[in-house]
Each structure stands twice: as structure tokens, then as C-alpha cells.
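Secondary and tertiary structure notes
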Amino acid sequence: MARLLSVIWVIAIAVVIAAGGRTPTSAAIHKPKPTPTPVALQYEEITRLVMSGTPEPPGFFQDDRQSIVAAANAPAPQHRGLFGGIMNAYQGAMSAMQSMRNGTLTRYTYYNGWIRTDDVINETATIEKCNLHEYITLDLAHRTYRIESTLPSPQPTSAQSMPAGGTATVSAAPGTADWTVTAGRQNLGPRTLEGIATHGDSTSLAMEMTNATGSCTDGSMSMRI
């Protein structure tokens, strides 16, 4: 009887060892990996056109945003009659000037390689799907959209004949000019905007064309970022 019990214990221990040392199955080794979430980024931007003077310093984004939204939602008074039409045109021009001073509000969203640009005030947006060669225009106010393909259209393989009497002409004689480009950069140093530590710089670019001849003309332009 004692010998029988010892044999049973040996068998039980062997079973436990075999169960504990069992190799994992292929399902345990090759576990499916979760799909990573695409990186998403969204921010809003106010763009102003300053005709003269020095632009206001940054750091008041929320106040500027509220001013733009309030100006857009304010109903414009309408006048009747001939004089009323003149007043309406004048108020429309003043509203456009005020809109330029306040700036335009744009929202940018980046997700999964796609770019969405929203005109917040006019309730329109565009979505650029570069990997799918698609350009989508949204009218959020009317809940409509339009999809355009950016794939190049196939070109005909056969040669196209020129219409009888057709000739290629150049309307203006070629010319020359001296083109001068001047660029500069100013370090604005660290700043705190909306509670976020930032570092800024100002870049200026000026281009001037002089001593023009032929179809070229003298001119100049400059910009500051």
C-alpha cells in the first residue's frame, strides 16, 4: 500500500512538472499588435494686414478672437432708397476695412497625413488628402461638399495638328533688368504667449528691379514675417 501511494505521488509530480514546463502556443507568441493612433494636431491662427504702423504685440489671442467673432455676428444696418444704397455701400466698405484690421480667423487640423483648413467665420473648409489625390471643399453652413481629383488627366498620344494659319507669336520683346534681393533676420528672444513659453524671430525680405529694358519693368516689393 505504501509503495502504491509513493508511485501515485511520483505520477502527480510528473504531471505538474509537465504542465508547468509546457511551451507556449503560437497564438501566445505572435500576439496581434494594436494599431497606433495617428498623430493629430489642431490650432487656430489670426492673420492681419497692417497697412501702416507697427503691428500689435502677440499675446492677446483670445481677446482678438472674440473681437473677430463679435464683428462677424453683428448685424449690419440696412438703409432704403437712393441715399440708403450709398450708405449701405459705405458701411460695407467700412466693414471690410474693419475686418482687415481685426484679422481673419483660420483653423488648421492635421490628421493621418490629411490637412483641413477651416474659415471659421464663413463656415467653409477644405480637406487635402494628398495620399488619395483628393481635394474636398466643404460648405458647412449649407451642409454640402465637393470632391475634386488632383490626378493629372491622361494626355492624348496622337499628335494634334495646328489649325490652318495658326502661328505661335511672342507679344513682347525680351528684356533685362537688375534684380536686388535683401533679407534680414532679427532675434525677438523668449516670450510667453497665452501662458506658453516661446521663442520668436522677425524676418524681412525686400526685392527691387531696376534698369529694366524691353518687356521688363522697374518695381519693388517687401514683406515681413
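Since the structure is predicted, the reported quantities are computational estimates derived from the model, not experimental observations.

Criteria and cut-off values
Residues numbered from 1 in each chain as written. Predicted model: local features only at pLDDT ≥ 70, side-chain atom pairs only at ≥ 80, totals over all residues. Heavy atoms only, no water. Helix = DSSP H or I, 4+ residues; strand = E, 2+ residues; numbered from the N terminus. Contact = heavy atoms within 4.5 Å. Phe/Tyr/Trp six-rings, centres within 6.5 Å; stacked < 30°, edge-to-face > 60°. Buried < 20%, exposed > 50% of the residue type's maximum accessible area, 1.4 Å probe, protein only. Salt bridge = Lys/Arg side-chain N within 4 Å of Asp/Glu carboxyl O. Patch = residues over 30% accessible without salt bridge, like charges linked within 9 Å, V, L, I, M, F, W, Y side chains within 5 Å. Areas by Shrake-Rupley, 256 points an atom, 1.4 Å probe, with all protein chains shown as cover. Pairing = 2+ DSSP bridges. Axes fitted to C-alpha atoms, helices over the stretch in contact; angles between N-to-C directions.

Moving on, we get to the overall build of the chain. Each helix and strand in the chain was counted, giving four helices and nine strands. Seen in sequence order, the chain has helices and strands lined up from the N terminus as α-α-β-α-α-β-β-β-β-β-β-β-β. In the chain, 41% of the contacts between residues at least 6 apart in sequence involve partners at least 24 apart.

We now examine the packing of aromatic side chains. For the structure shown, the criterion picks out two aromatic pairs. Seen in terms of ring centroids, Tyr 43 and Tyr 108 are 5.4 Å apart; in terms of plane orientation they differ by 35 degrees. Their pairing is tilted. You can see Tyr 43 sitting in strand 1 (residues 40-47) and its partner Tyr 108 sitting in strand 2 (residues 104-111), a full 65 residues away along the chain. For Tyr 108, a relative accessible area of 18% puts it in the buried group.

Along the polypeptide, Trp 179 turns up in strand 7 (residues 178-193). Excluding anything up to four places from it in sequence, Trp 179 contacts Met 207, Glu 208 and Met 209.

Attention now goes to the side chain of Thr 106. Among the secondary structure elements, Thr 106 is positioned in strand 2. Judged by its relative accessible area of 14%, Thr 106 falls in the buried class. The residues touching Thr 106, leaving out its near neighbours within four places in the chain, are Tyr 43, Glu 44, Glu 45, Thr 117 and Asp 118.

A complete count under the given rule lists six salt bridges for this structure. Residues Arg 116 and Asp 118 are paired through a salt bridge, measuring 2.7 Å at the closest nitrogen-oxygen approach. Exposure remark for Arg 116: the relative accessible area of 27% places this residue in the partly exposed category. Residue classification places Asp 118 among the buried residues on the basis of a relative accessible area of 5%. Arg 146 serves as the salt-bridge partner of Glu 148, at 3.0 Å between the closest nitrogen and oxygen. Taking the relative accessible area as the measure of exposure, Arg 146 reaches 46% and is therefore partly exposed. Through salt bridges with shared partners, one network takes in Glu 44, Arg 65 and Arg 107.

Further remarks concern a nonpolar patch on the surface. Side chains of Leu 41, Tyr 43 and Tyr 110 sit close together on the surface and give an oily, nonpolar patch of about 270 Å² of accessible area. Assignment of secondary structure puts Tyr 110 in strand 2. Note on Tyr 110: relative accessible area 30%, which makes it partly exposed.

This paragraph deals with the sheet that holds strand 4 (residues 124-129). Taken in spatial order, the six strands of this open sheet run 1-2-3-4-5-6, and their pairing is antiparallel. Each having just a single partner strand, strand 1 and strand 6 (144-149) make up the two edges of the open sheet. Averaged over all pairs of adjacent strands, the angle between strand axes in this sheet comes to 15 degrees, irrespective of strand direction. Where strand 3 (residues 114-119) meets strand 4, six bridges bridge the pair, whose relative direction is antiparallel. Residue Asp 118 lies in a different strand from strand 4, and its bridge partner there is Ala 125. Lying on the sheet, helix 3 (residues 61-73) is in contact with strand 1 and strand 2; it crosses strand 1 at an angle near 70 degrees.

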